[in-house]
Amino acid sequence: MKVHILDDWFDTLRTLNSFSLLDGHDVTVWNDHVEDVDVLAERLAGAEALVLFRERTPVTAALLERLPNLQLISQRSVYPHVDVPACTANGVLLCSNMHSDTPSIAASELTFALLLASARQIPQQMASLRAGNWQMAPGQTLAGRRLGLYGYGRIAKQVAGYARAFGMDVAWWGSEEGRARAEADGQNVAASRKAFFEESDFVSLHVRLKPATRGIVTAADLLAMKPSATFVNTSRSGLVQKGALEAALSVGRPGRLALDVFDVEPLTDTSDPVIQHPNVIATPHIGYVTEDELDLQFTDIYEQINAYADGAPIHMINPEVRGQG
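Rules behind the numbers
- Residues numbered from 1 in each chain as written.
- Predicted model: local features only at pLDDT ≥ 70, side-chain atom pairs only at ≥ 80, totals over all residues.
- Heavy atoms only, no water.
- Salt bridge = Lys/Arg side-chain N within 4 Å of Asp/Glu carboxyl O.
- Buried < 20%, exposed > 50% of the residue type's maximum accessible area, 1.4 Å probe, protein only.
- Helix = DSSP H or I, 4+ residues; strand = E, 2+ residues; numbered from the N terminus.
- Pairing = 2+ DSSP bridges.
- Right-handed = clockwise from strand over helix to strand, strands pointing away.

## Concerning the pattern of salt bridges
1) Next: With the rule as written, the count across this model stands at 12 salt bridges.
2) Next: Residue Arg 14 pairs with Asp 11 through a salt bridge whose shortest N-O separation is 3.1 Å.
3) Next: With relative accessibility at 41%, the residue Arg 14 sits in the partly exposed group.
4) Next: A salt bridge links Asp 221 to Arg 193, with the nearest nitrogen and oxygen atoms 2.7 Å apart. Of the two residues, Asp 221 sits in helix α9 (residues 219-223) while Arg 193 sits in helix α8 (residues 193-199), which places them 28 residues apart along the sequence.
5) Next: We classify Arg 193 as partly exposed; its relative accessible area is 25%.
6) Next: Each of the salt bridges in this network shares a partner with another, and the network as a whole consists of Arg 146, Asp 169 and Glu 199.

Written out as structure tokens, the structure is:
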């Protein structure tokens, strides 16, 4: 098949073992990021299979209508960036392994790395040293402090394991269904939403972004946190109410933010007030960007292409397409 891969910014995929799964296919890899539909339509005119690099490029009806040769979109995990009805209307099968039984170890590790970096002020202490000022004010020990985990899912459970290894107290909040599952598992669920935010020294958000969860963390939630606390978000920026981060920073409640996700990505505006704030630790959405994680994810993606080419597609999101021909 003629396979096109979008948004491999550092030409990483060719270096991974999984790339050999595409042997025998005609593969084109695009290393830049393009959103202009005209440019994308021209580039992908001959594509029979399209590989998406997470949610970097939206696939819209306007684009799909201009790709008459496209048969398959192969990706991994959730797909809010893909217009599934438009895929079906244009005879394009979407395949996506939802990996319901495995957490993203890379995202879990980054979450805890940001938590540690905030507690010990690692970026700020480095800047102080390089400026010739030696130490800043003391940081925080994690042992004995409370980590509040919002969302009772795979990544949050992995982070909880790291936290307990550091001697932290773990408390949970989330949807009514999520809280019920946590309680059934014998976990410590906060007495109320208000208590969850007020009593946590760190709050880390682990919820999928969908219409019902957009803006689920409000300015009031953040302003209820301690001045000594940290809010961590490695999930999706849209889970936090617009303006809530700025409101929190303006009054210092919580005192620190640790962020890996943003409303606009790629975020290249060096004047952005959030990422430039001295109480913010920010990374450019690298939660899943490790060689190991990418090799795992793209193994699934390429196996979906091979299964389709063999006439036995797997992980179909819109299987009705198979009956259209």
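Moving on from the model shown.
## Details of the pairing of strand β4 (residues 72-76)
1) Next: With respect to burial, β4 is a largely interior element, 5 of its 5 residues being buried.
2) Next: Along β4, one buried face is formed by Leu 72, Ser 74 and Arg 76 and the opposite face, lined by Ile 73 and Gln 75, is buried too.
3) Next: Pairing analysis gives 3 bridges linking strand β3 (residues 49-51) to β4, with the strands arranged parallel. Across the sheet, Ala 49 pairs through a bridge with Leu 72, a residue of β4.
4) Next: With respect to chirality, the unit in which β4 leads through helix α3 (residues 84-89) into the neighbouring parallel strand β5 (residues 93-97) is right-handed.

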